[in-house]
Amino acid sequence: MDHQDRQGTHGEFYVTTPIYYVNDKPHIGHAYSTIVADVLARWREAQGEHVVFSTGVDENAQKTVDAAAKQGEEVGAYLDRMAELWSGTWAKLGIANTDFIRTTEERHLEVVRDMWGRMEAAGDIYKGQYQGLYCKGHEAFLKEDELTPDGLCPEHKTAPELVTEENYFFKLSAYQEKLLDFYETHGDFVAPSHRFNDIRAFVEHGLEDVSFSRENKEWGIPVPNDPHQVIYVWADALVNYITVVGMEGWEAHPADIHVMAKDILKFHAVIWPAMLMSAGLPLPGQVICTGFLTIDGTKMSKSLGNVVDPLDLAARYGNDALRYFLLREVSFGDDGDFSEAKMKERYNADLANGLGNFAARVLAVAEKQQGGIPPGGPALAPEFAEAIRTMRHTAAARLGQFRFSDALAAVWAAIAFGDRYVNDKKIWEIKDEAELYAVLANLLALLDAVAQELAPFMPEASRKIRAAIVHGSDGTVTAAKPDVLFPRVK
Ligand code: ME8
C-alpha cells in the first residue's frame, strides 16, 4: 500500500519530531524541525484528519548525566527541569503537539522491553565483543576514517573514547536485502530524494551489526534479564514513536511522517525500519529531513555553543514571523544560514509591507462601509477566481512535496496580485458605491483565501485576518481592521 492510500483509509495523520537531547536548551535548529512538523500537523488537521503530533525529550543518554553533574544537580531533578523547559518552549512558540514524550516514563520502558523481547525472539539480538571509538556528542561509534586527521570527531571536535566491552548486538546485517526491497517499493520513503539515494548507496555498500547495549553504565534502560547492561540510547529512543500511540496503535497506524535533520537520517531510514521488521511491525510512511541551520557557515549545536534562541527571536518578531522566516528562507532539504539581518529584511519586506500592508489597506477601506458590503453584487471576477485557484492548487501541491518555501511563494504571488489591484484601482478614491462594493468583495475574498491558506504556516496572523472579515447570515460582509499585524522593525 502506498502512502496516499494509508492517508485516505484512516483519516488519521501521525507526525513526529526527533526527541531531543536535554544537555541544553532548545535552539532554532530544533525549532525548525518542530515547526516543520507543526505545519504538516495543522495542514492535515485543516483537511479534517485526526492528528497525532508528538515531540519530546531523549533522557537516557549518557550526556544527560554529564550535563546534570556539570550543573551540580541530581539527574531526576535536572530532567524534570529540562522537560519543563523544552515543552514550555514549544508551548510559547505555539506548537500544537498532542503529546510530549519523556523516555524515562513508565509507558516507554514497557514498550522498549516489549520491542527488545520481539527482536530477541526473532533471533536478532546476540552477545558479542565490541571495540570501537565512541563519540558522546553523537551517542554513537565512529569509524576511524570518519575522524579528522588529528583523531577528533569532525562535528563535536572532541576525541572519541576507545571502548572495549561485551555488548548485545542487533543483527542489522541480516536486513540489507529486506531494506533494499522496501526502498524499491516505497519510492518516497525518504525525502528529499537525493538523501534517499545516499541511504540506498549506504545500505548497498553492506551493513554491519550494531552494538545495542552498553556495559556497566549507571544510566539508561536495563537490558531485560541482564542488569549489567543498559540498552543503547538510540535503540531506546527510536521506540518512542511506538510508545506515543502504544503497540496496538502503531500496528493499526504507524507514523506517517518522521521529521528530522540529516544528522540522524541513517538511524531513522536504516536502523529503525530494520528494528521494526525484526519485531514484525509495520514501517513508517516517510522520513523527511532538513539540512542544517548554520551560523556563518558552521552548524549550530549545543556542543559548539553557537546557538540562537528561538524564544528570543519570537519575543522580538513574533511566532509567526519566526515560522515564516525559517520556512521561506530555507529551501527544504538544503542547509540554511541564519542571520538576523536577513530575518529583519524578510520581515519588513514580506510581512510588514507585503501581507501586513495588503491586509491593512483592504480592511481599512472595507471598515469604512457603514453596514458592511451588502450581498447581491456581481460574482467573483475571473482574475480573482483564477488568482485564488492558482494559489490554492500550487500551495497544496508544494506542501505535499515539503516545498514549504515554494508553497509560501505561491501565497505571496496572490498577495502581490491583490496589491497591484489595490494600487491600479486606487480603491480609496472610488466614489461609485456599486463599483466600490464589487471591488471590496473581490479583495476581501482574496484576503480571506490568503489567510486560510496561511493557517498552517502562520496560525496567529491567519486567525486575526479571518476574524476581521465577518460574514453575516444574510450575506453582508463587514470588516474591522485589526491592530497592525507586523509592526516594522528597525
Ligand atoms: O539526535 N539545524 O537529538 P538532538 C537543523 N536525541 N536542525 C537541527 C540543528 C541544526 N543546526 N541542530 C539540531 C538527537 N537540529 C536524538 C534524536 S530521535 C529518536 C532521537 C534538530 O538533540 C534536527 O531535528 O541532537 C536534528 O535532527 C535534531 O535536532 C537532533 O537533535
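Everything numeric in this text was worked out from a predicted model, so none of it was measured.

## Structural notes on the packing of helix α12 (residues 319–329) against helix α13 (residues 340–367)
Then step 1. At their nearest, the axes of α12 and α13 sit 10 Å apart, and the two run at 100° to each other. On the basis of the axis angle, α12 is roughly perpendicular to α13. On α13, the residues that touch Ala321, Leu322, Tyr324, Phe325, Arg328 and Glu329 of α12 are Lys342, Met343, Arg346, Tyr347, Asp350 and Leu351.
Then step 2. Looking at the contact of α12 with α13 residue by residue, the classes come out as seven nonpolar, no polar and five charged.

## Section: the site of the ligand
Then step 1. Near the ligand, the surroundings consist of 25 residues, among which Ile19, Ser33, Asp58, Asp263 and Leu293 are the closest.
Then step 2. The separation between a nitrogen atom of the ligand and a polar main-chain atom of Ile19 is 2.8 Å.
Then step 3. Counting residues per element, the ones that place at least two in the shell around the ligand are β1 (12–21), α2 (28–46), α8 (233–237), α9 (240–252) and β12 (257–261).
Then step 4. Here the shell around the ligand is composed, by residue class, of 14 nonpolar, seven polar and four charged.

## Thoughts on the confidence of the model for the protein chain
Regions with low pLDDT should not have their predicted coordinates read in detail.
Then step 1. Mean pLDDT over the protein chain: 94, with 98% of residues reaching 70 or higher.
Then step 2. A low-confidence stretch, residues 1–9 (pLDDT under 50), is modelled with 16 contacts involving residues beyond four sequence positions or located in other chains.

## Describing the nonpolar core
Then step 1. Counting 105 residues, the largest nonpolar core has Leu40, Phe404, Trp412 and Phe457 as the members making the most contacts within it.
Then step 2. When residues in this core are grouped by element, the largest group, 12 residues, is from helix α16 (residues 433–454).
Then step 3. Of the residues that make up this core, three or more belong to each of domain 1 (3–290) and domain 2 (339–479).
Then step 4. Once residues lying within four places of it in the same chain are set aside, the contact partners of Leu40 are Phe13, Ile257, Val259, Ile288, Phe402 and Phe404.
Then step 5. Listed in part, the 67 residues of the second largest apolar core include Ala61, Tyr183, Val210 and Leu283.

## Details of the sheet that holds strand β5 (residues 140–142)
Then step 1. The strand order across the open sheet built from four strands is β5-β4-β6-β8, with neighbouring strands paired in antiparallel fashion. Single-partner strands in this sheet number two, and they are β5 and β8 (210–211).
Then step 2. Bridge count between strand β6 (residues 161–170) and β8: two bridges; the pairing is antiparallel. Within β8, the residue paired with Phe170 across the bridge is Val210.

Calculation criteria
- Residues numbered from 1 in each chain as written.
- Predicted model: local features only at pLDDT ≥ 70, side-chain atom pairs only at ≥ 80, totals over all residues.
- Heavy atoms only, no water.
- Axes fitted to C-alpha atoms, helices over the stretch in contact; angles between N-to-C directions.
- Helix = DSSP H or I, 4+ residues; strand = E, 2+ residues; numbered from the N terminus.
- Parallel < 35°, antiparallel > 145°, perpendicular 65-115°, else oblique.
- Contact = heavy atoms within 4.5 Å.
- Nonpolar A, V, L, I, M, F, W, Y, C, P; charged D, E, K, R; others polar.
- Near = heavy atom within 4 Å.
- Polar contact = N/O pair within 3.5 Å; in protein donor to acceptor, adjacent residues only side chain to side chain.
- pLDDT = per-residue confidence, 0-100.
- Core = buried A, V, L, I, M, F, W, Y, C linked by side-chain atoms within 4.5 Å.
- Buried < 20%, exposed > 50% of the residue type's maximum accessible area, 1.4 Å probe, protein only.
- Domains from an automatic or database assignment.
- Pairing = 2+ DSSP bridges.

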